[in-house]
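The primary structure of each chain is shown beneath.
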Amino acid sequence: MGMTSLERELKRGSAELLILALLEEQERHGYQIGQLIAERSDGAITFHATSLYPTLYRLEHKGLIEGRWVEKPGTRRRRYYRLTPGGRGVLAKQRSVWETFSAALTRVAGVRHA
């Protein structure tokens, strides 16, 4: 089954928040970020490399995250990302906006939790 327009927009709108939140915990590489998002959302949210990596590059260009190449014996070279102080501030703001928005959406749409 294909993704609806609403699902696409929600996913696109939450990508930065999800990435920044995972990098707040610890430094991670792109593949690991994608895997954790899928795992922690029980598969409800997944990102293909074609959308995840451009978002990482955009966040790095904005100065919200920093990346560095790491080479380990027996594995391919990977780019690890970490949150910058500016990224922490943006993450706090995005969390606040998301909390306000989701509470308002629940009130308006009448979403009930089981």
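In what follows, the structure referred to is the one given above.
Residues numbered from 1 in each chain as written. Predicted model: local features only at pLDDT ≥ 70, side-chain atom pairs only at ≥ 80, totals over all residues. Heavy atoms only, no water.

1. Quick word on a nonpolar patch on the surface
Filter applied, for reference: Exposure above 30% relative accessible area and the absence of a salt bridge qualify a residue for a patch, where like charges join within 9 Å and nonpolar side chains (Val, Leu, Ile, Met, Phe, Trp, Tyr) within 5 Å. Areas reported here follow the Shrake-Rupley algorithm with a probe of radius 1.4 Å; residue values treat only the protein chains shown as occluding. Salt bridges are defined as contacts in which a side-chain nitrogen from Lys or Arg sits within 4 Å of a carboxyl oxygen from Asp or Glu. Working definition: helices are DSSP H or I runs of at least four residues, strands are E runs of at least two. Numbering for both runs from the N terminus. Note on classification: 1.4 Å probe, protein chains only; a residue is buried when its accessible area is under 20% of the maximum for its type, exposed when over 50%, partly exposed between these limits.
Judged by side-chain polarity, L6, L10, W98, F101 and L105 come together as a nonpolar surface patch covering roughly 490 Å² of accessible area. Elements represented by at least two residues in the nonpolar patch include exactly α1 (5–25) and α4 (85–109). Position of F101 among the secondary structure elements: in helix α4. Assessed through its relative accessible area of 43%, F101 is described here as partly exposed.

2. With respect to the packing of α1 against α4
The test is simple: An axis is simply a line fitted to the C-alpha atoms; with a helix, the fit covers only the stretch in contact. Between two such axes, the angle follows the N-to-C directions and lies from 0 to 180 degrees. Should an angle lie under 35 degrees it is considered roughly parallel, over 145 roughly antiparallel, and from 65 to 115 roughly perpendicular; all remaining angles are considered oblique. Helix crossings are classified by the rotation of the near helix relative to the far one: an anticlockwise turn of less than a right angle makes the crossing left-handed, while a clockwise turn makes it right-handed. Any two residues having at least one pair of non-hydrogen atoms within 4.5 Å are treated as being in contact. As a working rule, the residues Ala, Val, Leu, Ile, Met, Phe, Trp, Tyr, Cys and Pro are called nonpolar, Asp, Glu, Lys and Arg charged, and the rest polar, with Gly in that last group.
Remark: α1 packs on α4, axes separated minimally by 10 Å, with the N-to-C direction vectors making an angle of 125°. In terms of orientation, α1 lies oblique with respect to α4. The hand of the α1/α4 crossing is left-handed. Touching E16, L17, L20, A21 and E24 of α1 are G87, R88, V90, L91, Q94, R95 and W98, all from α4. When its residues are assigned to classes, the contact of α1 with α4 shows six nonpolar, two polar and four charged.

3. A closer look at the packing of helix α2 (residues 30–40) against helix α3 (residues 49–61)
Relative to each other, α2 and α3 sit at 120°, their axes nearing to 10 Å. Looking at the two axes, α2 sits oblique to α3. For the pair α2 and α3, the crossing hand works out as right-handed. Where α2 abuts α3, its residues G30, Y31, I33 and G34 lie against L52, Y53 and L56. A class-by-class count of the residues in the contact of α2 with α3 yields five nonpolar, two polar and no charged.

4. Quick word on the packing of aromatic side chains
Put simply, the test is: Think of it this way: a Phe, Tyr or Trp ring, Trp meaning its six-membered ring, pairs with another when their centres are within 6.5 Å, and the plane angle makes it stacked under 30 degrees, edge-to-face over 60, tilted otherwise.
All chains considered together, the criterion is met by two aromatic pairs. On the numbers, 6.3 Å between centres and 40° between planes, the contact of Y53 with Y57 is tilted. With Y53 and Y57 both in helix α3, this residue pair falls four residues apart, about one helical turn. On the basis of an interplanar angle of 45° and a centroid distance of 6.1 Å, the ring pair of W98 and F101 is categorised as tilted.

So yeah, pure geometry; function would need other evidence.
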